[in-house]
Amino acid sequence: MNKEAQRIAIAHACGWRSHIYIDMTKSPGQRGTEVWSKETEDELKYDLPRYDLNEMHELEKTLTDDQLYKMLLNLKNKTRSMVNGTAIMTASAAQKREAFLRIFNKWEESE
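**Re the packing of aromatic side chains**
Tallied over the entire structure, the rule returns 1 aromatic pair. With a centroid separation of 5.1 Å and an interplanar angle of 55°, the aromatic rings of Phe-100 and Phe-104 are classed as tilted. On the basis of relative accessible area, Phe-100 is assigned to the buried category, the value being 2%. Phe-104 sits in the partly exposed class, given a relative accessible area of 28%.

And the structure:
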C-alpha cells in the first residue's frame with residue numbers, strides 16, 4: 001500500500017469523505033477541486049495530512065483502549081519490541097500508519 005493510499009484510507013477511517021467542489025468562477029476545465037469534509041465538522045480540507053509522527057500521535061489519542069491495545073500488539077510485532085509501551089515510542093510513522101489501518105481492516109498488502 002503506497003503512502004497516498006494510506007493517507008486516503010486513514011482519512012476514511014477517521015470519517016473524512018472526498019467531494020468535488022465546483023467553482024463556477026473558474027474556466028470549465030478548472031472548476032472541479034477535490035475537497036474533504038466530515039459530517040461532524042463544518043470545515044473543508046483541500047489536502048489531507050501527511051500522517052507523520054506528530055499527526056499519528058494525535059490520532060492515537062482518539063483511539064479507544066481496545067483499539068490502542070490492538071495497535072500496540074501490531075507495533076510490537078513490527079518493531080520487535082519486548083514491551084508494548086516501547087513499541088509505540090520506537091515505531092516509525094509508516095509502521096504507525098500500517099498499525100492504525102489494520103485496526104480498521106483497511107490495510108491492503110502491496111502486490
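**Digging into the confidence of the model for the chain**
Scored by pLDDT, the chain comes out at a mean of 86, with 95% of its residues at no less than 70. Here helix H4 (residues 84-90) is the element of the chain with the lowest mean pLDDT, 74, and helix H5 (residues 93-103) is the one with the highest, 95.

**Re the pairing of strand S2 (residues 32-38)**
Side-chain direction in a regular strand flips from residue to residue, so the side chains alternate between the two faces of the sheet. Relative to S2, strand S1 (residues 16-22) runs antiparallel, the two sharing 7 bridges. Of the residues in S2, the one forming a bridge with Ile-20 is Glu-34. Where S2 folds back on strand S3 (residues 44-45), the antiparallel hairpin that results is connected by 5 residues.

Conventions used here
- Residues numbered from 1 in each chain as written.
- Predicted model: local features only at pLDDT ≥ 70, side-chain atom pairs only at ≥ 80, totals over all residues.
- Heavy atoms only, no water.
- Phe/Tyr/Trp six-rings, centres within 6.5 Å; stacked < 30°, edge-to-face > 60°.
- Buried < 20%, exposed > 50% of the residue type's maximum accessible area, 1.4 Å probe, protein only.
- pLDDT = per-residue confidence, 0-100.
- Helix = DSSP H or I, 4+ residues; strand = E, 2+ residues; numbered from the N terminus.
- Pairing = 2+ DSSP bridges.

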